Amino acid sequence: MRVVIAEDLALLREGLVALLRESQIDVVAQVQDAPALLRAIDGHKPDLAIVDVRLPPSFSDEGLLAAIEARRRHPQLSVLVLSQYVETAYASELIAGDGAGNGYLLKERVGDVRAFLDALHSVAEGGTVLDRQVVAELLAPGDGATAALSGLTAREREVLALMAEGRSNTAIAESMIVTPGAVEKHITNIFAKLDLSACEDDHRRVLAVLAYLRVARQSDPADGAAAGGHGARGLRPDRNSE
Amino acid sequence: MAGRARLPIDVSLAHGVAPRRWMPVLAAGLSIGEYARSLVRRLAFLSAVLLAGIWALDGQGYFWPAWAWLGLGVLVLIDFGAAWAWRRPPGAVRRVACVWTLVGVAAVILVFTWLLTWLLAGAHSFWPAWALLGLATAGSAYSLIALHDRVLVARGRRALRARIDMLTRTRRQAVDAQAAELRRIERDLHDGAQARLVALTLQLGRAELRVQDQPEIRGLILDAQREAHVAIAELRDLARGIVPPLLADRGLVAAVQSLAARYGLGTAIEVDTHRGLAPAVESAAYFVVAEALTNTAKHARAQRSWVLLRHEHRALAVVVGDDGCGGADPCGSGLAGLRARVEALDGSLHVDSPAAGGTVLEVRLPCG
């Protein structure tokens, strides 16, 4: 696997490079800002880019924008975005397209080396990985999603959260200490209750769940259409209001 | 002079009559008062010349027209003095000007009388000196008494205004500096301590991989990693409380949209503003919306809520409303905190939450 790393803090960048090299992953370039990242990707054509959301010079979200732009130019590229805080808006933007091979993780997840490498491989192979905090925020109580999700049992919610993180059935079964058969039964129930069409592919399954959660959050439980005429509503993937 | 009632034009100048230089022209836009004054001045001049002519034809001798000149001159002088005094602002200043006009007229009468008696009847001592001194003293005393308060008050008012201007300016500077400083602290936390802790957990993770066969050391490393994770989470909460990352990265509109999505109330957002607000204004507006939406979600049992951000007369208007149960306490601790924050920016906060239902929070933040 050939990887490009964009991270402005040298200590972390070098640690990541050392970790990946120890794990027999080929780091073809390490850069410090967004333009250099795009140049490195154009030049090296890597399989995966690991990108910090905040990069010089303005230290806002140029890392995320560069990652989205890089995927637009190179659709086969996988992107793992690291951030020091979770923003569901950023996660939504990242997976907004038909994004096979996307990941959005909190930076500190690199400390759990094995899980981090698993996520890396999963994204590189076209999977979608979302940090469990993003999923927790999407599933947070007090939201529009609550009404729709109230039909689910506690166990089913747990499975739903793990699915949204991009885990496979086997991983979910391990994490919940149940048999894969039980997990499959839960998943069938969830898809039936949420009226989603079931699909085997882990990645498609994540997207279906996330799309469902996003829609549930945006729609008004009462009557959203009447208020909709005022303008922008809820979480919007496009940014034309700015 | 205040009344600008004009005579009809055809009264002043009959058709076909050429205007004379000695004749005041009503058509030029003079008021009745100005016309009368002009007429008096011209008549006085004419009389003075006429009397001098009569004296010349009457065999000359004692130059009696000088006394008539004095009388006519005093008339004209009073006219000019009154006009001058009338141009002063009303009140004490105009009264003082009238007094000085009278003093001036009396002084002129005295000096001319002395001059004429000296010229016409031989030298005297300068007898008006004491009278002039008395007049000047009286005028000065009156001016002092009349204007004393006024001068003091004006000076006090000027000082007060300067102080208010200075305080307003320095407070704004302090608030802006504080907001900029808070953002710098947030950035420093992000790029400094937080990033170093992340690097630390990575190094600990790599170390842990190397000691798989030594459970004691591995346990210690995992403990250290847990502590680092707690520290990272605490720093993240701290930074989020200072300035939410989305606000710092993408500005007010994106941050408010994210807030609305988080509360999932189907919040309608109307935006008529642009980026480029001062950090202090942006943060205040954000926390207003956050507090209002939190209250709506917690207490209002609303079906719908809406947020409005709009530029109005060099101010940012932030309006958050819902159709919930109303009855919000405008003096509650959350709203009191918001009020303090808004007022520090010279803004205003208004809550309308009737018991019948619905709550509207309206905030104005000057951003000129």
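Up top is the structure.
As the structure is a computational prediction, the values presented were derived from the model and not from experiment.

Considering the overall build of chain A
Item 1. Within chain A, the secondary structure is distributed over 12 helices and six strands.
Item 2. Taking all 242 residues of chain A together, the buried fraction comes to 47%.
Item 3. A separation of at least 24 residues holds for 61% of the contacts in chain A among residues at least 6 apart in sequence.

Let's talk about the overall build of chain B
Item 1. Check the secondary structure of chain B and you find nine helices and five strands.
Item 2. Within chain B, the proportion of its 368 residues that are buried is 25%.

Side note on the pairing of strand 5 (residues 102–106) of chain A
All names here are of chain A.
Item 1. Counting buried residues in strand 5 gives five out of five residues, a clear majority hidden from the surface.
Item 2. In this structure, strand 4 (residues 78–83) lies alongside strand 5, joined through five bridges in parallel fashion. The residue bridging Ser83 from the neighbouring strand is Leu106, located in strand 5.
Item 3. Here strand 5 runs beside strand 6 (residues 128–130); their pairing, made up of three bridges, is parallel. Following the sheet pairing, Asn102 is matched in strand 6 by Thr128.

A word on the packing of helix 5 (residues 128–210) of chain B against helix 8 (residues 279–300) of chain B
Helix packing for two helices is described by the angle between their axes and how far apart those axes are.
Residue and element names in this part refer to chain B.
Item 1. It is at 8 Å that the axes of helix 5 and helix 8 come closest, and there the two elements cross at 75°. Here helix 5 lies roughly perpendicular to helix 8, going by the angle between them. Contacts between helix 5 and helix 8 involve Val175, Asp176, Ala179, Ala180 and Arg183 from the first element and Pro279, Ala280 and Ser283 from the second.

What about the sheet that holds strand 5 (residues 359–366) of chain B?
Residues and elements named next belong to chain B.
Item 1. With mixed pairing, the five strands of this open sheet are ordered in space as 1-2-3-5-4. The open sheet has two edge strands, strand 1 (268–272) and strand 4 (348–352), and neither has a second partner. On average, each strand axis in the sheet is tilted by 10° relative to the strand beside it, whichever way the strands run.
Item 2. For strand 2 (residues 305–312) and strand 3 (residues 315–322), the ladder comprises eight bridges, and the chain directions are antiparallel. Residue pairing across strands places His311 opposite Leu316, the latter belonging to strand 3.
Item 3. Together, strand 2, strand 3 and strand 5 form the strand contacts of helix 8, whose direction differs from that of strand 3 by roughly 10°.
Item 4. Packed on one face of the sheet, helix 9 (residues 333–343) meets strand 4 and strand 5 and runs near 150° to strand 4.

Conventions and cut-offs
- All chains use their own residue numbering, which begins from 1 and follows the written sequence.
- Following the order in which they are written, the chains are lettered starting with A and the ligands numbered starting with 1.
- Reporting in this predicted model follows two pLDDT cut-offs: at least 70 for local features of residues, and 80 or more for side-chain atom pairs to be given and counted; totals over whole chains, interfaces and linings ignore these cut-offs and use all residues.
- Think of it this way: any DSSP run of H or I at least four residues long counts as a helix, any run of E at least two long counts as a strand, and we number them from the N terminus.
- Three classes are used. A residue is buried when 20 or more other C-beta atoms lie within 10 Å of its own, exposed when 12 or fewer do, and partly exposed in between, with C-beta atoms placed from the backbone.
- Each residue gets a C-beta atom placed from its backbone, and two residues are in contact if those atoms lie within 7 Å.
- In this scheme, strands are said to pair when DSSP sees at least two bridges between them.
- Fitting a line to C-alpha atoms yields each axis, with helices limited to the stretch in contact; the angle taken between N-to-C directions then spans 0 to 180 degrees.
- Between 65 and 115 degrees an angle is taken as roughly perpendicular, under 35 as roughly parallel, over 145 as roughly antiparallel, and anywhere else as oblique.

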